[in-house]
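# Chain and residue survey
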Amino acid sequence: MTDYPTQPTASHFVNGAYLEDTTGDVIDVIYPATGAVIGRVHAATPAVIEAAITSGRAAQVEWAKLSRREQGRILLRAAEMIRARNRELSVLETHDTGKPLQETLVADATSGADALEYFGGLAGSLTGEHIQLGEDWAYTRREALGLCVGIGAWNYPTQIACWKGAPALACGNAMVFKPSETTPLSALKVAEILHEAGLPAGLFNVVQGAGAVGGALVNDPRVDKVSLTGSVPTGQKVYAQAAAGLRHVTMELGGKSPMVVFEDADIDDAVGGAILGNFYSSGQICSNGTRVFVHKSIREAFLTRLAERLEGAVMGDPLDEAVNFGPMVSEGQIAIVERYVAKGIEEGARLVCGGKRLDKEGYWMPATVFADVTDDMTIAREEIFGPVMCVLDFEDEVEVLARANDTEYGLAAGVFTRDLARAHRMVAGFEAGTCFINSYNDAPVEMPFGGVKMSGVGRENSKAAIEHYSQVKSVYVRMGKVDAPF
Ligand code: NDP
């Protein structure tokens, strides 16, 4: 590792301490704003994976013996420490992902702290139930699953580590977390802070590596649950592997979500929602509303206001807090976006702005808007995962709902209208796990988050996550004699 400020001191965090094994493949840590290598980690070797799994399993047995309140107190302490170190962690997240500091200061470590705070607070109230059965009775115990594996995407490395780690730990589990090899740094800091806050060694281990390391974890028979945030193809692979061992899964996968703007919408709010839902984090957000259906009668007004608001995008040094639009995460990802832009032009969409990579070091793609997009175009069907907004026209509610749902994905959907009955009707009709009315992409920890159809299985955040990190054991208690036939 280089001496970059706040960098973790080794590649892995296992059994309560940083761990290095330089025999693992080298993974360069690249700062997306410049393309410079700012650090180096090593992929986990079989020995590191073994240490992570054995220490996780051993620690979990002891952890599950603590009262939930004691467990929760540690998570609450970690949340406080993360908030206190928010700036340092945000700078690290900016180096990991390239996202502007203006954004990471409010959206990453802070939302990780929210998750630790929420599940830490909830831990003490996770109970089973009592069921009276005449004189006999039954009760249920809400028990941990055991050892959970978390696998993260590169867009929100701190948040994903916390969204998976916090409910897992609050339910009495241990976790081995594998960040994306593109953004290996931030999760190590989460592990470091959790243990500084008093988490017993082994309960939250971080190991580096690409798909092969993820695969080794998912296939290990000692693993009880897998939670993946990633693309649909990876989700299909990981889900199938987990199914072979009948392991529990949570799959947070991709999307091509619709945002519908009716003629009575507040145009500025709708434009604001479309900006948040397409250009925040340079468009690298799974729930983005990338198919923006705008009522034909307001299309030009919408595009005009959008163009005016896009003047406010400031690209530049992500560490400058005046900058609000950062680079894409990697050469690979910007190349994917460039291919989609070319495809959009080739298939006849109207390029309104952007679409051309900046001529500078790093991976800079400006806000890109296509109008006159039709449902069958590749850019309207496939997840691009970059700053590309597709604007489509529509004329009536029934038509737009059918078109909005005409996708294999079902992660999110949004509607902008002043007609609240229509808003609720639309939301009831959306085939999506997470919906927004006159808003887009809010994801407070109190609200379940997740997808339907090909966008995933299970829910993160909120009380719903508890169901996915714990299991119920039923206990029948007979009070009288056993009445057997012979
Ligand atoms: P990938 O699917 O490429 O990777 C996700 C994670 O899985 C990475 O850590 C990756 O490792 C790992 N992985 C890859 N192959 C395997 C395998 N065979 N077994 C186990 N693990 C494996 O996604 P990206 O990182 O490119 O992230 C972008 C995708 O994530 C988008 O589709 C986006 O929509 C989705 N996403 C979904 C979210 C949600 O909550 N629904 C939130 C954020 C993103 P490595 O990358 O190191 O190879």
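Let me sum up the structure you'll find in this document.

Now for the packing of aromatic side chains. Applying the stated criterion to the full structure yields nine aromatic pairs. Taken together, a centroid distance of 5.6 Å and an interplanar angle of 35° make the contact between Trp-137 and Tyr-139 tilted. Residue Tyr-139 is classed as partly exposed on the basis of its relative accessible area, which comes to 30%. Here the aromatic rings of Trp-163 and Phe-449 are separated by 5.7 Å at their centres, their planes lie at 65°, and the arrangement is edge-to-face. With Trp-163 in helix α6 (residues 157–170) and Phe-449 in the loop between β18 (434–437) and β19 (456–457), this pair connects stretches of sequence that are 286 residues apart. Given a relative accessible area of 6%, Trp-163 falls into the buried group. Phe-449 sits in the buried class, given a relative accessible area of 8%.

Let us look at the sheet that holds strand β5 (residues 130–133). Strand order across the open sheet formed by three strands is β5-β6-β20, with antiparallel pairing between neighbours. Two strands lie at the open edges of the sheet, namely β5 and β20 (470–477), each paired on one side alone. Neighbour-to-neighbour, the strand axes of this sheet turn through a mean angle of 20°, independent of strand direction. In the sheet, β5 pairs with strand β6 (residues 136–144) via four bridges, with the strands oriented antiparallel.

Here the focus is the environment of His-42. On the secondary structure map, His-42 appears in strand β4 (residues 36–42). Judged by its relative accessible area of 12%, His-42 is buried. Distance from His-42 to Gly-24, taken between C-alpha atoms, is 4.9 Å for residues 18 residues apart in sequence. Excluding residues that lie within four positions of it along the chain, His-42 makes contacts with Ser-11, His-12, Glu-20, Asp-21, Thr-22, Gly-24, Asp-25, Val-26, Ile-27 and Gln-208. Only 3.4 Å separates the side chain of His-42 from the backbone oxygen of Thr-22, close enough to count as a polar contact.

Rules used throughout
- Residues numbered from 1 in each chain as written.
- Predicted model: local features only at pLDDT ≥ 70, side-chain atom pairs only at ≥ 80, totals over all residues.
- Heavy atoms only, no water.
- Phe/Tyr/Trp six-rings, centres within 6.5 Å; stacked < 30°, edge-to-face > 60°.
- Buried < 20%, exposed > 50% of the residue type's maximum accessible area, 1.4 Å probe, protein only.
- Helix = DSSP H or I, 4+ residues; strand = E, 2+ residues; numbered from the N terminus.
- Pairing = 2+ DSSP bridges.
- Axes fitted to C-alpha atoms, helices over the stretch in contact; angles between N-to-C directions.
- Contact = heavy atoms within 4.5 Å.
- Polar contact = N/O pair within 3.5 Å; in protein donor to acceptor, adjacent residues only side chain to side chain.

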